[in-house]
Amino acid sequence: DVKVTQSSRYLVKRTGEKVFLECVQDMDHENMFWYRQDPGLGLRLIYFSYDVKMKEKGDIPEGYSVSREKKERFSLILESASTNQTSMYLCASSPRIHEQYFGPGTRLTVT
Amino acid sequence: ILNVEQSPQSLHVQEGDSTNFTCSFPSSNFYALHWYRWETAKSPEALFVMTLNGDEKKKGRISATLNTKEGYSYLYIKGSQPEDSATYLCAFEAAGNKLTFGGGTRVLVKP
């Protein structure tokens, strides 16, 4: 069974704080993705990575950065959290572009 | 940004009734259409990946059809049960590219 884990289920941070969201997968997948989900908007892609140390911008990368130093780990970084980044964040991994396996999500609140 | 739309946004179904809902997507540059089920407090779970025009897939009481020429897919739930309550997401995959998700259809099955 593919397992994708995220470091926290719930997180509360203050405006201006630096926030790290961690994602780990245990299936040696090449591809990893970060999405955010807001009501009525579905999942929107923030960043993705096809390999270690490789990253590409998704549809809404502004205000975010990512890091992939090891194949199994993909981190999403909010350099200076803002209230409009309050959202559900989902990580996914896939062995190829078709099948994506999702983590349980992190609900981030920025106050 | 590709336009992937799902309708309705939400629906209430009486237990035992059948229902269906739609995903519309661009008819050009098509590679695959994905359906996911996302239950509250769980990870999105892949239901189907459909690649050929006219494809029909079935998993238990849930089935899906695909029309790539006109750019739509239907998801059907036969004899709805309370455990079918979830948000159903479709995602469009363009050739050699990432997934673009629709906004989801939230289904609530009433006992």
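Here the residue numbers are simple positions, counted from 1 along each chain's written sequence. A letter from A marks each chain and a number from 1 marks each ligand, given out in the order of writing. Local features are withheld for residues below a pLDDT of 70 in this predicted model, meaning they are given only at 70 or higher, and side-chain atom pairs are given and counted only at 80 or more; totals for whole chains, interfaces and linings count all residues. The side-chain values count all of the structure's non-hydrogen atoms but skip hydrogen atoms and water molecules.

K.L.:
It is not clear to me how the overall build of chain B should be interpreted in this structure. Could you clarify?
P.N.:
Per the convention used, a helix needs a DSSP run of H or I reaching at least four residues, while a strand needs a run of E reaching at least two, with both numbered from the N terminus. Looking only at helices and strands, one finds zero helices and 11 strands in chain B. As defined in this context, the radius of gyration uses C-alpha atoms, and a globule is described by 2.2 Å times the residue total to the power 0.38. Expected size for 111 residues packed as a compact globule is a radius of gyration near 13 Å; at 13 Å, chain B falls within 12% of this value. In terms of principal-axis extent, the alpha carbons of chain B reach across some 40 × 25 × 20 Å. Out of the 111 residues belonging to chain B, those deemed buried represent 48%. Per-residue accessibility takes into account occlusion by the displayed protein chains alone, with areas from the Shrake-Rupley method and a 1.4 Å probe. Carbon and sulfur atoms provide 45% of the accessible area of chain B, an area that totals close to 5,500 Å². For chain B, the centre of its 11 positive side-chain charges and the centre of its 11 negative side-chain charges are spaced 2 Å apart. Note on classification: 1.4 Å probe, protein chains only; a residue is buried when its accessible area is under 20% of the maximum for its type, exposed when over 50%, partly exposed between these limits. His is not counted, nor are the chain ends; Lys and Arg add positive charge and Asp and Glu add negative charge. Taken as the charge centre is NZ of Lys, CZ of Arg, CG of Asp or CD of Glu, depending on the residue.

K.L.:
It is not clear to me how the interface of chain B and chain A should be interpreted in this structure. Could you clarify?
P.N.:
Bring the parts together and some accessible area is lost; that lost area is often taken as the interface size. Taken together, the contact between chain B and chain A spans 20 residues of the former and 19 residues of the latter. Taken over both partners, the interface formed by chain B and chain A buries close to 1,600 Å², and the fraction arising from carbon and sulfur atoms is 63%. Buried surface area refers to the total accessible area, computed with a probe of radius 1.4 Å, that the two partners give up upon joining, counted for both partners together. Taken as a group, Trp-38, Lys-98 and Phe-101 of chain B account for 32% of the area that chain B buries against chain A, more than any other trio of residues on that side. Just to be clear on terms, a salt bridge is a Lys or Arg side-chain nitrogen sitting within 4 Å of an Asp or Glu carboxyl oxygen. At the boundary of chain B and chain A, one finds zero salt bridges. Residues adjacent in sequence count toward polar contacts only when both atoms are side-chain atoms; beyond that, a polar contact is any pair of N or O atoms within 3.5 Å, and within protein one must be able to donate a hydrogen and the other to accept it. On the surface where chain B and chain A come into contact, there are four residue pairs in polar contact (both at pLDDT 80 or more). Only heavy atoms enter the contact rule, under which two residues are in contact if any of them lie within 4.5 Å.

K.L.:
Hey, could you run me through the side chain of Asn-67 of chain B in this one?
P.N.:
All names here are of chain B. Here Asn-67 lies in strand 7 (residues 62–67). Since its relative accessible area comes to 15%, Asn-67 is described here as buried. Here Lys-69 takes part through its backbone nitrogen, which lies 3.1 Å from a polar atom of the side chain of Asn-67. The contact partners of Asn-67, leaving out residues within four places of it in the chain, are Phe-25, Asn-53 and Tyr-72.

K.L.:
Explain the packing of aromatic side chains here, please?
P.N.:
Note on aromatic pairs: each is described by the distance of the centres and the angle between the planes. All names here are of chain A. Stacked, tilted and edge-to-face are the three classes applied to pairs of Phe, Tyr and Trp rings, where Trp contributes its six-membered ring and a pair requires centres within 6.5 Å; stacked means planes under 30 degrees apart, edge-to-face means over 60, and tilted covers the rest. Considering all chains together, one arrives at 16 aromatic pairs over all chains under this definition. Summarising the aromatic geometry, the rings of Phe-33 and Tyr-35 are spaced 6.3 Å apart at their centres and angled 25 degrees between planes, so their arrangement reads as stacked. Both residues of the pair, Phe-33 and Tyr-35, count as buried. Ring plane angle 70 degrees and centroid distance 5.1 Å describe the contact between Phe-48 and Tyr-50, whose orientation is recorded as edge-to-face.

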